[in-house]
Amino acid sequence: MSIAENIARVRANIAAAAREAGRRPEEITLVGASKMNGAAACREAIAAGIDALGENRVQEMTAKLQENAYSGAPLHFIGHLQRNKVKQVAGKVSLIQSVGSPELLEEIEKAAARLETVQDILLEVNIGEEEAKSGFAPAELLPGAEAALEKEHVRVLGLMTIPPADADREENLRYFDKVRALFLDMNEKLFHNSLQVLSMGMSGDYEDAVRAGATMVRVGTAIFGSRHYT
Ligand SMILES: *Cc1c(COP(=O)(O)O)cnc(C)c1O
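Numbers given for residues are sequential positions, taken from 1 along each chain in its written order. Thresholds applied to this predicted model are a pLDDT of at least 70 for local features of residues and 80 or more for the giving and counting of side-chain atom pairs; totals over whole chains, interfaces and linings are not thresholded and use all residues. Calculated side-chain values reflect all of the structure's heavy atoms, with hydrogen atoms and water omitted.

Participant: Pulling in residues and values, what's your account of the environment of Leu149?
Facilitator: If you trace the backbone, Leu149 turns up in helix α5 (residues 138–149). Residues Leu149 and Gly72, spaced 77 residues apart in sequence, show a C-alpha to C-alpha distance of 30 Å. By the convention used here, residues are in contact when the closest approach between their heavy atoms is within 4.5 Å. Residues within four places of Leu149 in sequence aside, it is in contact with Leu190 and Phe191. Counting from the N terminus, the helices are the DSSP runs of H or I reaching at least four residues and the strands are the DSSP runs of E reaching at least two.

Here it is as structure tokens:
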């Protein structure tokens, strides 16, 4: 299957899941998670109409930017971001999806201020409260959002989450429901219901995520094929 055929199939699945939930397919943004795929694969996805591409390693993204891998589509940063690498990401991507601590938020604010720009971000929720994973714990989310609201060079568009990898389907659905509840609560309390983006769902669970209210899914393997780690 080609990348274009894979994108068409994923889109059809998203549309079916959206309709089941009484939603419109156009409400859902499809982000291609293009890590470990070269510039040619990125261009193929863009030509096939992917809504955005997401990278999760700074070094790889920087190299592919130099090859013009992303021209024609918005670029998102979706991976764990170290504070000392913020300068290589802020201002270079349209959305940083993975902002999971007050310290990272502050670093992005500083970098965006220096560039005299406003960086769009999502707050990442560590919904499984996993030790090894970054992201705001549910109880830290509202204080984190309040801190973000005080920053002039950062704009919060919504939430992103990655549930624990070992969750079974039922548990995974409960995590999606919990994140959606946090999203609705935060949106009403702090953002006058203006937030639009709820980023959840990957190759194995994007249809469940759409049924649970995701407005953005990040799909890698189902579009680009399996990754070969060396
Ligand atoms: C790789 C990645 C994805 C996509 O994973 P697949 O299972 O290959 O679809 C989504 N989100 C993040 C943050 C990723 O790093």
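Participant: Quick one: what's the story with the side chain of Glu55, residue by residue and with numbers?
Facilitator: Within the secondary structure, Glu55 is located in strand β2 (residues 52–55). Between buried and exposed lies partly exposed: a residue is buried under 20% and exposed over 50% of the maximum accessible area for its type, with that area taken using a 1.4 Å probe on protein chains only. Glu55 gets classed as buried once you look at its relative accessible area, which sits at 0%. Between N or O atoms, a polar contact is any pair within 3.5 Å; within protein, one atom must be a potential hydrogen donor and the other a potential acceptor, and residues adjacent in sequence are included only when both atoms are from side chains. Among the polar contacts listed, one links the side chain of Glu55 to the side chain of Tyr70, at a separation of 2.9 Å. Excluding residues that lie within four positions of it along the chain, Glu55 makes contacts with Ser34, Lys35, Cys42, Glu60, Met61, Lys64, Tyr70, Leu75, His76, Phe77, Ile78 and Gly79.

Participant: Just give me the short version of unusual backbone geometry, but keep the residues and values in it.
Facilitator: The phi dihedral of Met36 falls on the positive side, at around 65°, and the residue is not glycine. Under the relative-accessibility criterion, Met36 is labelled partly exposed at 35%. In this structure, Glu129 is a non-glycine residue whose phi angle is positive, near 45°. Within the fold, Glu129 resides in the loop between β5 (119–125) and α5. Accessibility expressed as a relative area gives 55% for Glu129, which makes it exposed.

Participant: Lay out the site of the ligand in plain terms, naming residues and giving numbers.
Facilitator: Any residue with a non-hydrogen atom lying within 4 Å of a molecule or strand is treated as near it. Inspection of the region around the ligand gives Ala33, Lys35, Asn56, Ile78, Ile162, Met202, Ser203, Arg218, Val219, Gly220, Thr221 and Arg227 as its neighbouring residues. Here an oxygen atom of the ligand and a side-chain polar atom of Asn56 are 3.1 Å apart. Contact distances for the ligand include 2.9 Å between a nitrogen atom and a side-chain N or O atom of Arg218. The protein chains shown are the only cover counted for residues, whose accessible areas, like all others here, come from Shrake-Rupley with a 1.4 Å probe. When the ligand sits alone it has 390 Å² of accessible area, and the protein chains cover 89% of it.

Participant: An account of the pairing of strand β4 (residues 95–99) is requested, with residue identities and associated values reported.
Facilitator: Along any regular strand the residues' side chains alternate between the sheet's two faces. In terms of residue burial, β4 counts as a mostly covered element, since five of its five residues are buried. Sheet topology note: the strand β3 (residues 75–77)/β4 ladder contains two bridges and is parallel. By the bridge assignment for β4, His76 is matched with Leu95. Examined bridge by bridge, β4 and β5 share two bridges and lie parallel to one another. Looking across to β5, one finds that Val99 is bridged to Leu123. Convention used here: a crossover is right-handed provided that the path from the first strand, over the helix, to the second strand proceeds clockwise when the strands point away from the viewer. As for the winding sense of the linkage, the β-α-β connection from β4 through helix α4 (residues 102–114) to β5 is right-handed. At least two DSSP bridges between two strands are required for those strands to pair.

Participant: So what's going on with the pattern of salt bridges? Residues and values would help.
Facilitator: Throughout this description, the term salt bridge denotes a Lys or Arg side-chain nitrogen within 4 Å of a carboxyl oxygen of Asp or Glu. Inspection of every chain in the model, using the stated rule, returns 15 salt bridges. Residue Glu20 is joined to Arg211 by a salt bridge in which the shortest nitrogen-to-oxygen separation is 3.3 Å. Here Glu20 is found in helix α1 (residues 3–20), whereas its partner Arg211 is found in helix α7 (residues 206–211), with 191 residues between them in sequence. A relative accessible area of 58% means that Glu20 is categorised as exposed. Ionic pairing is found between Arg23 and Glu27, a salt bridge with its closest N-O pair at 3.3 Å. Members of the salt-bridge network, linked through shared partners, are Glu20, Arg169, Asp208 and Arg211.

All quantities given are derived from atomic positions and should not be read as evidence of function.
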